[in-house]
Amino acid sequence: MVGDSSSNNEVEGRKATSSTGRERRRKWLKRREKWIVILGVVLHAIYMLSIFDIYFKTPIVHGMDLVTPSFSGPAKRLVLLVADGLRADKFYEPDNEGKYRAPFLRNVIKHRGRWGVSHARPPTESRPGHVSIIAGFYEDPSAVTKGWKANPVEFDSVFNRSRHIISFGSPDIVPIFCSALPHSTWNSYPHEFEDFATDASFLDEWSFDQFQSLVNRSNEDPKLKELLKQDNVVIFLHLLGCDSNGHAHRPFSPIYLNNVKVVDHIAERVYNLLEDYFKDNRTAYIFTADHGMSDKGSHGDGHRSNTDTPLVAWGAGVKHPRPTFDQNHNDYGTFVDDHVHDMPTPKEWGLGNIERVDVNQADIAPLMSALLGLPCPVNSVGSLPLGYINLNKAEEVEAVLANAKQILNQFLRKSQLKQESSLSFKPFKPLAHYSSDLEQINSRISAGDYESAMELSVNLRRLALDGLDYFQTYDWLMLMTVVTLGYIGWMFYLILHVLQSYTTLPGYILKMEQAVSRRNSSLKANLCGCFFMGVVSIILFLEHSPPLYHAYSATTVFLWTQIFSEYQFLNALWRYLHGREHYHTIKLVATCLVSVFILEVLVKSFTERKLYTWCFLIVGLIAPVYLSRLIAQKSGTPLFLWLSCWFLSVFTLMPAEIPDNTLLVVGSGAMIITIGGAARYLDRRSRDNKYWSSLLNSDRETKFPFLFELQSLLVGLSSVMVLLSTSHRTKNQELLALHQLINWLLAGFSMALPLFSATGLLSRLTSIFLGFAPAFLLLSIGYEAVFYGALALALMAWILFENALLHYSKTNASQTSIRGMEDNFQLENENRSLQLSDMRIPLVFVVLFNVAFFGTGNFASIASFEISSVYRFITIFSPFLMAALLIFKLLIPFLLVICAFSAITKLVRVPRVGCYFLVILCSDVMTIHFFYLVRNKGSWMEIGNSISHFGIVSAQVVFVLLLFALTNIYTKDIQTRSGKQFSRKNI
């Protein structure tokens with residue numbers, strides 16, 4: 001009896017010790033997971049900022065001297081008319097009746113002015129476009145992170161150099177350039193005027209009326225008249241109508257095309273008003289646009305419809321038209337959108353016999369400065385287009401030389417700043433003897449050799465621009481190396497954590513190593529890491545490097561220090577793998593190669609969406625065949641898997657620009673209700689089937705027995721509201737307040753209902769699918785509503801596939817395999833350890849997550865944001881609310897994918913956080929590839945898209961994390977029977 005008692009006490013003591021150890025390990029693992037998640041978010045945020053230091057460093061420097069032209073300006077005042085969002089082709093081409101939409105400006109082109117196409121550089125947005133026109137440089141897109149409403153940095157402009165600036169127009173543009181200038185007279189209309197449900201051409205009329213009123217008042221106000229009569233006055237009218245009408249009605253709509261006539265009529269009235277007022281022929285006029293407009297009513301990327309804008313100049317100092325001599329439209333270099341360089345003039349424009357002079361958008365600023373005889377803005381990188389300004393040979397050379405000196409001054413300032421902050425400075429060799437080049441140009445001018453002097457001046461300007469680019473990317477190699485090592489270190493760190501925390505490997509490896517030696521190696525690695533980090537920080541400090549340079553280096557050194565501190569574990573892991581059979585090594589290598597291949601296909605799919613079609617067509621054939629071999633009894637799962645994959649494959653063949661189709665959206669509502677009804681039928685009729693038991697289990701029924709009927713009703717009402725809201729807005733050009741209120745209520749109320757559904761896997765996921773459907777339908781304009789249902793079917797097919805594998809593992813488990821399972825169990829939450837075969841789950845998730853990105857468009861392109869999607873909720877221009885609604889629409893498919901992912905981790909009982917880290921590992925394999933695919937040469941459309949791809953994949957660590965937190969509200973209560981049937985007790 002005493003022996004039995006002591007034996008029982010010993011067993012109880014071991015259990016208590018084991019329980020305490022499990023609890024301690026569980027708390028340690030929670031802390032470590034939180035730490036790694038925080039580190040991952042911070043690391044990716046830091047490394048994402050590196051693209052701005054590498055590719056989008058601000059080009060602005062201060063401290064340069066002004067370069068005043070040696071000739072007097074031919075114009076006493078200048079009028080700048082900017083038709084926001086006006087495409088070049090819609091301006092120059094005739095209408096269906098063969099009549100041209102801009103008769104006045106067309107008459108100017110033919111008889112007294114010059115014309116061409118102004119080539120904009122992405123991002124083709126209003127603020128960067130106006131900065132390019134008025135200041136002469138292409139503002140870095142990183143300024144968008146500091147706000148478009150005000151100047152994030154101080155820069156010089158033509159307005160700064162003028163004696164007085166008079167401006168009227170949009171509240172989003174005019175205050176940027178005029179509010180801080182003491183020598184300005186300006187006004188803008190309220191934001192409420194920008195209503196996309198109306199014809200916005202009245203905004204252009206408002207700007208003209210304000211200016212006309214000012215001119216008329218000057219006849220009774222001597223001070224105002226004196227102000228208008230002085231030299232170097234700039235008049236800027238911002239005409240927003242084309243942009244607003246293009247967004248709301250598309251650029252081929254009658255409202256947009258009529259707005260072209262409106263701006264032409266305004267140009268005519270401005271011309272007549274000023275010519276009658278001044279009567280001195282000393283006014284120069286420039287008509288252009290900041291960007292174009294895509295066919296679907298958006299802009300932002302580098303498509304030709306967005307970068308090609310009209311340019312018409314006439315008046316004082318501007319050359320008269322002359323016949324075309326050749327097809328070269330550019331006399332000084334290449335355009336910033338050189339992928340459409342030297343495009344012939346379309347025949348339908350009817351201007352093939354008149355010389356066309358194309359320019360880069362930034363060239364307009366030096367043109368305006370030269371016409372007024374003002375110094376060019378000190379930050380300008382534009383080249384003076386001689387094809388527009390009427391100067392003699394000597395004045396042309398002096399003008400180009402002044403232009404070259406102004407750009408050279410920027411180069412010299414950047415060179416000086418970099419030399420002062422570099423321990424090892426590498427100068428730009430082609431301009432090492434720039435002073436002798438200037439002397440040579442001046443001597444040629446003195447000798448009257450203007451042709452040679454012009455050639456040397458143009459060459460000096462080109463070298464100065466190349467020098468600016470050299471210093472703009474001076475730190476490129478160092479930053480790319482540091483960030484690349486950081487990403488590699490992060491991936492190694494993730495792998496180590498997954499192996500140590502979510503697999504059975506530590507149980508084997510810890511037997512081979514000593515804890516004391518681990519602590520000693522960790523201490524040595526930390527000391528070496530701190531020393532190296534200190535040396536790097538001192539070097540960066542001596543070079544006056546920005547704080548982010550310190551952050552990049554410190555993060556990379558820290559990661560590799562953490563890796564080397566696990567030297568003993570790595571050494572033991574290597575010995576463990578080396579001692580295994582070759583079969584395991586081959587399996588490991590094959591899994592890695594297949595994973596990398598799939599991820600590389602995803603990388604390619606960012607530019608070739610059709611790859612997703614082939615992917616799902618192949619999977620739709622292979623996966624059903626594989627399942628049919630596993631499942632002995634007859635099952636419809638293989639057939640459903642085949643149909644759902646092939647159905648989803650259709651959408652990546654469709655155009656990225658989603659055409660409007662309201663009836664298709666309405667029909668999608670019926671399809672969504674049908675899918676929900678099928679899931680409901682399966683949930684009710686298959687409860688006694690062992691195959692479905694894992695999906696249908698629920699400890700409690702829903703508190704609302706008619707929840708499914710209520711959700712279906714809301715989906716149906718949403719379909720009806722789609723039809724009513726769209727038809728009423730189209731006919732009456734307004735959104736009824738009642739429709740707006742109903743749409744908001746439907747979207748908001750339906751998303752709360754899934755929280756009250758049953759906790760069975762299928763029941764909860766069906767409720768989530770129906771809960772987000774009303775909001776998605778109300779934000780849809782075309783086939784993306786069908787995509788919502790197709791994606792849900794594919795996600796259900798994924799769940800059924802995993803359930804089939806689980807069912808197969810249950811029915812075919814031998815006693816040996818059960819013992820193997822027992823070894824794979826972790827001691828908390830009844831989650832088993834991760835196995836190599838589980839890599840399929842994060843891989844499928846990454847594929848479906850990216851399909852949610854690119855299934856219905858090109859998320860990497862700014863122009864893919866279809867603003868008309870929000871018109872059933874709001875039409876008054878509100879950029880933040882509209883952007884929030886667009887982003888929410890894009891997030892809804894991701895929410896479905898992550899809900900399915902969370903449900904699968906519960907179904908197969910693998911740690912969700914461990915799978916999350918594997919997802920991030922897969923994303924970072926793609927990220928490091930995209931980091932090297934970022935381009936700094938070629939067209940800016942390609943450059944912008946490559947950076948967008950990098951940003952999208954790099955941000956997935958934050959996207960997935962936030963969506964996990966959001967969807968956990970819906971998925972935390974999901975219950976399955978798989979955990980019960982495979983508990984340790986039963987085994």
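- The name given to the protein chain in an unreviewed UniProt entry is GPI ethanolamine phosphate transferase 1, and the organism recorded there is Heracleum sosnowskyi.
- Turning to the protein chain, the UniProt record has this under Subcellular location (unreviewed entry): "Endoplasmic reticulum membrane".
- As stated in UniProt under Sequence similarities (unreviewed entry), the record for the protein chain gives "Belongs to the PIGG/PIGN/PIGO family. PIGN subfamily."

### Description of the side chain of Thr905
Item 1. If you trace the backbone, Thr905 turns up in helix α32 (residues 879–908).
Item 2. Given a relative accessible area of 3%, Thr905 falls into the buried group.
Item 3. Setting aside residues up to four positions removed in sequence, Thr905 forms contacts with Val910, Arg912 and Cys915.

### Quick word on a nonpolar patch on the surface
Item 1. A surface patch of nonpolar side chains, amounting to about 740 Å² of accessible area, comprises Leu423, Phe531, Val535, Ile538, Ile539, Phe541 and Leu542.
Item 2. The topology assignment puts Ile539 in helix α18 (residues 515–542).

### Things to note about the packing of helix α3 (residues 103–111) against helix α10 (residues 254–278)
Packed helices, taken two at a time, are described by their axes: the angle between them and the distance between them.
Item 1. At a closest axis distance of 7 Å, the pairing of α3 and α10 adopts a crossing angle of 65°. Contacts from Pro103, Phe104 and Leu105 of α3 reach α10 at Asp264, Ala267, Glu268 and Tyr271.
Item 2. Partitioning the contact of α3 with α10 into residue classes produces five nonpolar, no polar and two charged.

### Quick look at the nonpolar core
Item 1. Counting 156 residues, the largest nonpolar core has Trp490, Tyr788, Phe845 and Met926 as the members making the most contacts within it.
Item 2. Residue contributions to this core peak at 19 residues, all from helix α29 (residues 784–811).
Item 3. Ignoring sequence-local partners within four residues, the contact set of Met926 consists of Leu599, Leu602, Val603, Phe606, Val846, Asn850 and Val953.
Item 4. In this structure, Ile173, Leu371, Tyr388 and Ala453 belong to the second largest nonpolar core, which totals 65 residues.

### Details of the sheet that holds strand β1 (residues 77–83)
Item 1. An order of β4-β3-β5-β1-β6-β7-β2-β8 is seen for the eight strands of this open sheet, with the pairing classed as mixed. Of all strands in the sheet, those bounded by a partner on one side alone are β4 (184–188) and β8 (359–360).
Item 2. As defined by bridge partners, strand β6 (residues 283–288) adjoins strand β7 (residues 308–315) across five bridges and the pair is classed as antiparallel. Counterpart to Ala284 in the pairing with β7 is Gly315.
Item 3. Contacts from helix α7 (residues 201–218) reach β3 (164–169), β4 and β5 (233–239) within the one sheet, and its direction differs from that of β3 by about 140°.

### Let's talk about the packing of helix α4 (residues 126–135) against helix α12 (residues 364–372)
Item 1. Two numbers describe how α4 lies on α12: the axes approach to 5 Å, and their chain directions differ by 35°. Where α4 abuts α12, its residues Ser132, Ile133, Ile134 and Ala135 lie against Ile364, Ala365 and Met368.
Item 2. Partitioned by chemical class, the residues of the contact of α4 with α12 number six nonpolar, one polar and no charged.

### Here we look at α12
Item 1. In terms of burial, α12 is largely enclosed, as nine of its nine residues are buried.
Item 2. All of the buried residues in α12 are Ile364, Ala365, Pro366, Leu367, Met368, Ser369, Ala370, Leu371 and Leu372.
Item 3. Backbone geometry just downstream of α12 places Gly373 in the positive-phi region, at approximately 75°.

### Let's talk about the packing of aromatic side chains
Item 1. Counted according to the given criterion, the structure contains 51 aromatic pairs.
Item 2. Each ring, one from Phe428 and one from Tyr470, has its centre 5.4 Å from the other, and the planes form 40°; the classification is tilted. Of this pair, Phe428 sits in the loop between α13 (393–420) and α14 (434–446) while Tyr470 is found in helix α15 (residues 450–472), placing the two residues 42 residues apart along the sequence.
Item 3. For Phe428, a relative accessible area of 12% corresponds to the buried category.
Item 4. With 5.2 Å between their ring centres and 10° between their planes, Phe769 and Tyr788 make a pair best called stacked.

Cut-off values and rules
Residues numbered from 1 in each chain as written. Predicted model: local features only at pLDDT ≥ 70, side-chain atom pairs only at ≥ 80, totals over all residues. Heavy atoms only, no water. UniProt positions renumbered as here; feature names shortened; annotations may be inferred. Helix = DSSP H or I, 4+ residues; strand = E, 2+ residues; numbered from the N terminus. Buried < 20%, exposed > 50% of the residue type's maximum accessible area, 1.4 Å probe, protein only. Contact = heavy atoms within 4.5 Å. Patch = residues over 30% accessible without salt bridge, like charges linked within 9 Å, V, L, I, M, F, W, Y side chains within 5 Å. Areas by Shrake-Rupley, 256 points an atom, 1.4 Å probe, with all protein chains shown as cover. Salt bridge = Lys/Arg side-chain N within 4 Å of Asp/Glu carboxyl O. Axes fitted to C-alpha atoms, helices over the stretch in contact; angles between N-to-C directions. Nonpolar A, V, L, I, M, F, W, Y, C, P; charged D, E, K, R; others polar. Core = buried A, V, L, I, M, F, W, Y, C linked by side-chain atoms within 4.5 Å. Pairing = 2+ DSSP bridges. Phe/Tyr/Trp six-rings, centres within 6.5 Å; stacked < 30°, edge-to-face > 60°.

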